Amino acid sequence: MTTGDDWPQQDELLRRALHDEAAKVLPSPDALARIRARTARAPLWRSPLTLGMAAAVATATAVIAGGIAVLGDSTVDTTATDEPAAGPVTGSERPSADTTSPIPEATSPTEQAPTSEPEPETATVPVYYVADTPAGQRLAREFRTVSVPDGPLVAAVETMISVPPVDPQYQTLWASATEVRGVEVAGDVIEVDLSDGADYTGAAPDVAELATQQLVYTVTAAASMTGAASGALPVQILVEGERTDRLWGSIDVAEPVQRADPLAIRQRVQINEPAEGAVVGRTVEISGEAAAFEATVGWRIFRDGGLVDEGFATARECCTFSPFSFSVELRPGSYEVVVTEDDPSGGEGPPPMSDSRSFRVD
């Protein structure tokens, strides 16, 4: 048995034995190369298995960290979109709907969009105004397309009273405060019921007569044009549903009022088409009525104050109101046409009457 005191002697004997054995070893010529080849092998930490395991660990760590980040940050947008980041989305790959989106509330029937209102009924009616002529004030006519909630006869009289004429050379003699309570064809008479809101007193006799005829001509023309009456029926003027003796202190309206002689009360040339301010094509059709000597009317067309064209037209009959028409080719621009009755006196009599219209050619 070896004791503690024998360790130095035993150690010396072991060292000598190892030295003797080492002295017997003879290394081969390629021993060094084989040693270097063995030491050049990849270390364990760079082997494919080790790298795969490291990548898996890193991925797992990232996933865990990412999950922690999402749970910890409420501003992250997790809503699915309709446009995928790459490639089409098909089948089960399509993102599910965002259940956090608000659901539109149901609309009750009373909250539905209102349907469009029907267009109001309209009609074209003749309306008489007053124009200044060389022979004094005379009646002149416009055709107006107006709403007719109470019928075309009421609409025609209301337009005459309260709607300004389109032609700036025309006017009305009636006060706008006058209201039309009703118009009715009663047998062989047309009854026109007016309110008492207007002053029917104090007018000059000639103005009162012309104002009365303005009403009579308007309502009788409207009744004839719309078929409500045949011919020019006399007009019974009422105020608040009752007959009155006089209007404006001088006009007897106790009985139905007849139309006055048109040659004495109308301007003798009347343009119907084109209407004032109309837009027309390059072939301009001009028509109207005239009570002219030898049924002849002269016409002139102006542009910017300069004469563009002129000529004559022939009415259907002489010396009574009858139709005339003519046409002219014009380039685009703004024009005025003036139609004048023939002057048989050669300038020695009163100036002839005329009518004019402004229009535009496109």
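Residues numbered from 1 in each chain as written. Predicted model: local features only at pLDDT ≥ 70, side-chain atom pairs only at ≥ 80, totals over all residues. Heavy atoms only, no water.

Student: Hey, could you run me through the sheet that holds strand 4 (residues 180–186) in this one?
Tutor: Read across the sheet, 4 strands follow the order 4-5-6-7 without closing on themselves; strand pairing throughout is mixed. Sheet topology places strand 4 and strand 7 (242–243) at the edges, where each strand pairs with a single neighbour. As judged from the 2 bridges shared by strand 6 (residues 235–239) and strand 7, these two strands associate in the antiparallel manner. Among the inter-strand pairings, L238 is bridged to a residue of strand 7, identified as R243. Relative to the sheet, helix 5 (residues 205–226) contacts strand 4, strand 5 (189–194) and strand 6, its axis offset from that of strand 5 by approximately 125°. (Pairing = 2+ DSSP bridges. Helix = DSSP H or I, 4+ residues; strand = E, 2+ residues; numbered from the N terminus. Contact = heavy atoms within 4.5 Å. Axes fitted to C-alpha atoms, helices over the stretch in contact; angles between N-to-C directions.)

Student: Is there a simple way to explain the packing of aromatic side chains in this structure?
Tutor: Each pair of aromatic rings is reported with the distance of its centres and the angle of its planes. Applying the stated criterion to the full structure yields 4 aromatic pairs. Both rings, one in Y128 and one in Y217, keep their centres 5.3 Å apart while their planes meet at 65°; by these two values the pair is edge-to-face. In this pair, Y128 is assigned in strand 1 (residues 122–133) and Y217 in helix 5, connecting sequence segments 89 residues apart. Owing to a relative accessible area of 2%, Y128 belongs among the buried residues under this scheme. Under the relative-accessibility criterion, Y217 is labelled buried at 1%. Geometrically, the ring pair formed by Y335 and F359 is stacked, given 5.9 Å between the ring centres and 20° between the ring planes. Of this pair, Y335 sits in strand 16 (residues 333–341) while F359 sits in strand 17 (residues 354–361), placing them 24 residues apart in sequence. (Phe/Tyr/Trp six-rings, centres within 6.5 Å; stacked < 30°, edge-to-face > 60°. Buried < 20%, exposed > 50% of the residue type's maximum accessible area, 1.4 Å probe, protein only.)

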